[in-house]
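Chain by chain, the residues:
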Amino acid sequence: MSRLFRIAIDGPAASGKSTTAKLLAKKLGFGYIDSGAMYRAVTLKCLDQGVNVNHASEVEQVAKSAKIRFPALGKVELDDKDVSDAIRESRIVQSISPIASNKNVRETLAEQQRSLARGDVDQGWPGFSWNEKQIHGVVMDGRDIGTVILPDAELKVFIVADPKVRAQRRYDELAGKNALASGETVESIAKDLAERDEADRTRKVSPLKKADDAEELDTSFKTIDEQVLDIENMVHKRLNRS
């Protein structure tokens, strides 16, 4: 398979990047690499093998041995087994923190993410037809995809949104899932998001920042479909220039 067209989408929490990335991947027939699911998969493997998640060196070995694939949108395979539902279990959430903060695990999974984005293993992503060619690619979202994970991506997008809009979106999302904490309000969520933004921007390892060559997309007053269309148009412009 020819080189994949890689789309790196970064931005702060509740900016809409994950939902946009998934729908964009579906529309283009691209793969969606869920970096968060990879940490969940490693956590699952540790728990299933009885590895203490606080034993850094043992966890690192598990991460190196884990074969993680994304055969279809929303599907995650670990060592050739479908774990899409298993990685969402509460025991994963309760145990993932020391794994996600393990520097060597992060480096190991970053290399796996780059490998998937290079197309080292054909995932069967169909792509779309463009000027009599079939364009295959991947979409990945996060906070350091365009700066650290895929600094040479064919398209980098940095999504921003008004803080009040982001807080309202997160509130509506939680309310829709009946997951609002007691006394939680739009204002309290806005405060939490502001603190998270500051932590993401100032952390020493892979801070949140816009890549110099990234396209900025303000989603404050855009629907998800409009966001997807905007990025799709960016893809077409890049292909026209290549």
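Note that the coordinates shown come from a computational prediction; the quantities given were computed from them, not determined experimentally.

S.K.: Which residues make up the pattern of salt bridges, and what are the values?
M.R.: The tally for this structure, following the rule as stated, stands at 24 salt bridges. A salt bridge links Arg3 to Asp152; its shortest N-O distance comes to 3.9 Å. Here Arg3, found in the segment before β1 (5-10), pairs with Asp152, found in the loop between α7 (145-149) and β9 (155-160); they are 149 residues apart in sequence, far enough to count as distant. Among the residues examined, Arg3 registers a relative accessible area of 58% and is labelled exposed. Residue classification places Asp152 among the partly exposed positions, given a relative accessible area of 46%.

S.K.: So what about the sheet that holds strand β5 (residues 81-82)? Which residues, and what values?
M.R.: If you walk across this open sheet you meet the three strands as β3-β4-β5, and the pairing is antiparallel. Unpaired on one side and paired on the other, β3 (68-69) and β5 mark the two borders of the sheet. With two bridges joining them, strand β4 (residues 77-78) and β5 adopt antiparallel strand pairing. By the bridge assignment, Leu78 is partnered in β5 with Lys81.

S.K.: Describe the nonpolar core, naming the residues involved and giving the relevant values.
M.R.: Membership of the largest hydrophobic core comes to 37 residues, with the highest contact counts inside it found for Ile33, Val42, Cys46, Ile68 and Phe70. Sorting the residues of this core by element identifies α2 (35-49), α3 (56-65), α6 (103-118), β8 (137-142) and α7 as the ones contributing at least two each. When residues of this core are assigned to their parent elements, the largest contribution, seven residues, is made by α2. Setting aside residues up to four positions removed in sequence, Ile33 forms contacts with Met38, Phe70, Gln113, Leu116, Ala117, Val138, Val139, Met140 and Asp141.

S.K.: Outline helix α9 (residues 186-202), supporting the account with residue identities and numerical values.
M.R.: Counted at 1.5 Å a residue, the expected span for α9 with its 17 residues is 24 Å, and the 24 Å between its end C-alpha atoms agrees. Turning to α9, its buried residues number three or more, namely Ile189, Leu193, Asp197 and Asp200. Buried residues in α9, looked at end-on, bunch into an arc of 80°, giving them a common side. What points out from α9, more than 90 degrees from its buried face, is the exposed set Glu187, Lys191 and Thr202. Those residues of α9 that are buried are in contact with α8 (163-176).

S.K.: Lay out the UniProt feature "domain: Cytidylate kinase" (unreviewed entry) in the protein chain with the relevant residues and their values.
M.R.: Residues given the UniProt feature "domain: Cytidylate kinase" (unreviewed entry) here are residues 7-118 and 136-235. End C-alpha atoms of residues 7-118 are separated by 12 Å, and the span's content is 56% helix alongside 12% strand.

S.K.: So what's going on with the packing of aromatic side chains? Which residues, and what values?
M.R.: A full pass over the atoms with the stated rule returns two aromatic pairs. Aromatic side chains Phe5 and Phe30 sit 6.5 Å apart centroid to centroid with 40° between the ring planes, which places their arrangement in the tilted category. Here Phe30 lies in the loop between α1 (17-28) and β2 (31-33) and Phe5 lies in strand β1, a separation of 25 residues in the sequence. Side by side, Phe5 and Phe30 carry an identical accessibility label, which is buried.

Calculation criteria
Residues numbered from 1 in each chain as written. Predicted model: local features only at pLDDT ≥ 70, side-chain atom pairs only at ≥ 80, totals over all residues. Heavy atoms only, no water. Salt bridge = Lys/Arg side-chain N within 4 Å of Asp/Glu carboxyl O. Helix = DSSP H or I, 4+ residues; strand = E, 2+ residues; numbered from the N terminus. Buried < 20%, exposed > 50% of the residue type's maximum accessible area, 1.4 Å probe, protein only. Pairing = 2+ DSSP bridges. Core = buried A, V, L, I, M, F, W, Y, C linked by side-chain atoms within 4.5 Å. Contact = heavy atoms within 4.5 Å. Expected span 1.5 Å × (residues − 1). Arc of directions from axis to C-beta. UniProt positions renumbered as here; feature names shortened; annotations may be inferred. Phe/Tyr/Trp six-rings, centres within 6.5 Å; stacked < 30°, edge-to-face > 60°.

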